[in-house]
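Fold and geometry: a report
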Amino acid sequence: MITSAETYSAFKLIHEGILALARAEAVGIRVDVDYCIRTTKRLDREINYANKKFEASDLAAQWKKVYRSEVNFNSDPQLAKVVFEHMKIEPKKFTEKGNPSVDEEALKMLGLEEVDLILKVRHLTKVRDTYIGGYLRENVEGIMRPFFNLHTVVSYRSSSDRINFQNQPNRDPLLKKLCREAILPHKGQKILCADFKGCEVSGAAAYNKDPQLIKYLIDPTTDMHRDVAVDCFLTTPDQIIKPVRNTAKSFFTFAQFYGDWYKSCAENMWKEMQNEDTHKLKSGIILLDHLYDKGIKTYQSFEDQVKKVEDIFWNKRFKVYKKWKEDWYADYLKKGYFTTLSGFTCRGVMDNKQAVNYPIQGSSFHMLLLTFILLDREQDRRGWKSRLIGQIHDEMVMSVDPAEEREVIETIQHIVTVEVPKIFTWINTPLVIEVETTEVNQSWYHKKDIHKKKEEGHADYQWLDAA
DNA sequence: GGAACTCGCCAC
DNA sequence: AAACGTGGCGAGTTCC
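The rules behind these values
Residues numbered from 1 in each chain as written. Chains lettered and ligands numbered in written order. Predicted model: local features only at pLDDT ≥ 70, side-chain atom pairs only at ≥ 80, totals over all residues. Heavy atoms only, no water. Helix = DSSP H or I, 4+ residues; strand = E, 2+ residues; numbered from the N terminus. Rg over C-alpha atoms; globule rule 2.2 N^0.38 Å. Buried < 20%, exposed > 50% of the residue type's maximum accessible area, 1.4 Å probe, protein only. Contact = heavy atoms within 4.5 Å. Lys, Arg positive; Asp, Glu negative; His and termini not counted. Charge placed at Lys NZ, Arg CZ, Asp CG, Glu CD. Pairing = 2+ DSSP bridges. Axes fitted to C-alpha atoms, helices over the stretch in contact; angles between N-to-C directions. Near = heavy atom within 4 Å. Polar contact = N/O pair within 3.5 Å; in protein donor to acceptor, adjacent residues only side chain to side chain. Expected span 1.5 Å × (residues − 1). Parallel < 35°, antiparallel > 145°, perpendicular 65-115°, else oblique. Left-handed = near helix turned anticlockwise from the far one by under 90°.

With respect to the overall build of chain A
Within chain A one finds 19 helices and 13 strands. On C-alpha atoms alone, chain A measures out to a radius of gyration of 25 Å, which is about the 23 Å that the 2.2 N^0.38 rule sets for 467 residues. Its C-alpha atoms put chain A at 65 × 60 × 55 Å along the principal axes. Burial status across chain A gives 48% buried among its 467 residues. For chain A, long-range pairs separated by at least 24 residues make up 64% of all intrachain contacts whose partners lie at least 6 apart in sequence. Counting 69 positive and 68 negative side-chain charges, chain A places the centres of these two groups 1 Å from one another.

Here's what the structure looks like:
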């Protein structure tokens with residue numbers, strides 16, 4: 001893959017972008033070093049305790065027999081050898097290289113009683129060594145300066161390293177708390193996160209100009225993920241609750257946008273639906289029972305249903321998007337390259353998924369990058385104490401002086417609704433920003449949607465009503 | 001003793 | 001025809 005900035009504006013975006021990101025690196029991110037030291041000690045104790053319990057297990061006894069003095073309970077290759085060669089358990093899942101897998105899913109299929117213990121140690125060591133360990137290694141006098149690169153990613157997205165600020169735990173509640181409690185705003189300030197709602201969907205719409213997709217993005221009374229959930233689960237729109245909507249969103253719609261097919265979508269959704277606490281209808285009926293009543297009594301019949309949903313998705317709902325994918329790839333095959341809306345040319349061997357994903361991924365990030373550049377200028381021009389400190393693909397992270405918070409938010413809104421569309425004239429849907437903040441001196445873990453706070457009656461945010 | 005590889009797993 | 005795109009990183013292991 002060879003990419004190049006073909007136009008002056010594309011060159012300028014990278015040039016200005018890397019300078020703005022370098023300024024964020026210079027500001028840096030504050031780390032709660034005492035917390036990291038305390039937490040490392042606590043994790044050491046918990047890991048030791050879990051390891052002691054594991055050493056008393058049957059699996060550990062077998063392991064010691066095989067590896068004797070070489071035994072290392074942290075080694076996945078050793079685990080695989082003990083389980084699959086020595087204990088002769090039939091492997092059900094394989095790695096990309098074709099070896100028996102010992103990842104979380106594979107282990108759960110083996111039915112070993114030690115699985116929970118192994119997974120617990122994996123989670124805790126990951127937090128200790130990758131995340132907390134990274135903060136301790138990289139901070140100097142309580143400030144770490146993760147790099148944000150614009151020269152490493154084939155699609156012209158960014159990457160981050162030392163530490164990678166773009167993969168801090170967010171999904172698993174325990175990992176999220178343990179890690180994000182360590183990350184603080186600068187003294188006397190708040191952390192403020194501003195992320196683009198549906199950034200890549202907007203990016204996709206700019207390329208494919210699909211009227212149905214655009215309608216979903218323009219009309220707030222519509223809801224794409226709810227509608228897809230209705231198709232998948234054969235229900236009425238009012239019965240779709242958030243976890244069910246999320247399952248359709250993550251495992252059908254986004255997966256399909258990236259190029260997945262119905263079988264793997266069906267398998268993943270089926271797995272999610274086994275959680276009957278979260279996967280029910282608004283009426284309280286369990287989703288699996290509901291599907292049973294609708295005649296979907298087995299996995300196979302659910303898969304058949306998802307196949308139909310895939311057909312509706314691409315041949316009815318988003319048929320213009322589908323046509324664009326086909327035309328875009330055909331054009332690339334003919335010319336040997338394509339040029340993105342933000343002005344970058346990609347050459348070299350790509351399959352059809354890469355050829356349609358790269359431009360969307362790249363230009364979507366460039367909407368954020370341009371916003372970042374303009375905000376970086378504005379914080380200087382206005383002499384704010386508030387500073388940009390990082391970026392996560394479709395989200396900006398700032399350390400904000402509370403006295404400036406209102407102006408910061410208004411400025412961001414102005415940039416994304418007025419300035420960015422003036423420069424990127426190819427954007428064809430409204431850019432929507434969602435803002436979350438912490439309280440003063442609170443860690444990143446405590447960030448909350450300010451609108452939700454308003455619902456809870458926080459008078460501090462009444463000015464928002466007027467805005 | 002370090003480079004390169006594999007695996008697992010975190011993010012969008 | 002095949003079947004989810006882009007990264008970074010730690011640990012273990014193998015190779016030179």
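Moving on from the model shown.
Let's talk about the sheet that holds strand E11 (residues 395-400)
As summarised here, the arrangement of the five strands in space is E10-E11-E7-E12-E13, forming an open sheet in which the pairing is antiparallel. The open sheet has two free edges, formed respectively by strand E10 (387-391) and strand E13 (448-449), since each of these has just one partner strand. Bridging between E10 and E11 involves four bridges; their strand directions are antiparallel. Opposite Leu388, over in E11, you have Met398 as the bridge partner. Across the face of the sheet, helix H16 (residues 352-381) comes into contact with strand E7 (190-196), E10 and E11 while running at roughly 165° to E10.

Examining the pairing of E11
Here E11 lies mainly inside the structure; six of its six residues are buried. Two successive antiparallel strands, E10 and E11, enclose a turn made up of three residues, where His393 displays a positive phi of approximately 70°.

Side note on the protein's contact with DNA strand B
Around DNA strand B lies a shell of 23 residues, among which Lys97, Asn99, Val102, Asn170 and Arg171 are the nearest. Atoms of DNA strand B within 4 Å of the protein: sugar and phosphate make up 92%, bases the balance. In the model, a phosphate oxygen of DNA strand B is placed 2.4 Å from a nitrogen or oxygen of the Asn99 side chain. The backbone of Arg171 places a nitrogen or oxygen atom 2.7 Å from a phosphate oxygen of DNA strand B. Examining the composition of the surface near DNA strand B, we find that four residues originate from one element, helix H6 (residues 115-138), more than from any other.

Regarding the environment of Lys52
Among the structural elements, Lys52 can be located in helix H2 (residues 33-55). For the pair Lys52 and Lys282, spaced 230 residues apart in sequence, the C-alpha separation works out to 45 Å.

Section: H16
Between its first and last C-alpha atoms H16 spans 44 Å; for 30 residues at 1.5 Å apiece the expected length is 44 Å, and the two agree. Burial of H16 is extensive: 24 of the 30 residues sit out of reach of the surface. One side-chain oxygen at the N-terminal end of H16 lies 3.0 Å from the backbone nitrogen of Lys353; it belongs to Asp351. Directly after H16, the chain includes Gly383, whose backbone phi takes a positive value near 65°.

Details of helix H7 (residues 173-180)
Helical periodicity: at 3.6 residues per turn, an α-helix aligns residues three or four positions apart in one direction. Regarding H7, the residues found buried are Leu175, Leu178, Cys179 and Arg180. Of the surrounding elements, those touching the buried residues of H7 are H2, H6 and strand E6 (183-184). At the N-terminal end of H7, a side-chain oxygen is found 3.0 Å from the backbone nitrogen of Leu174, two or three residues along, and the residue is Asp172.

With respect to the packing of helix H11 (residues 242-258) against helix H14 (residues 299-317)
Running from N to C, H11 and H14 point in directions that differ by 55°, and their axes come no closer than 12 Å. Relative to H14, H11 is oriented oblique. Pair H11 / H14 crosses with right-handed handedness. Counted together, Phe252, Thr253, Gln256 and Phe257 of H11 and Val306, Val309, Glu310, Phe313 and Trp314 of H14 form the full contact between these two elements.

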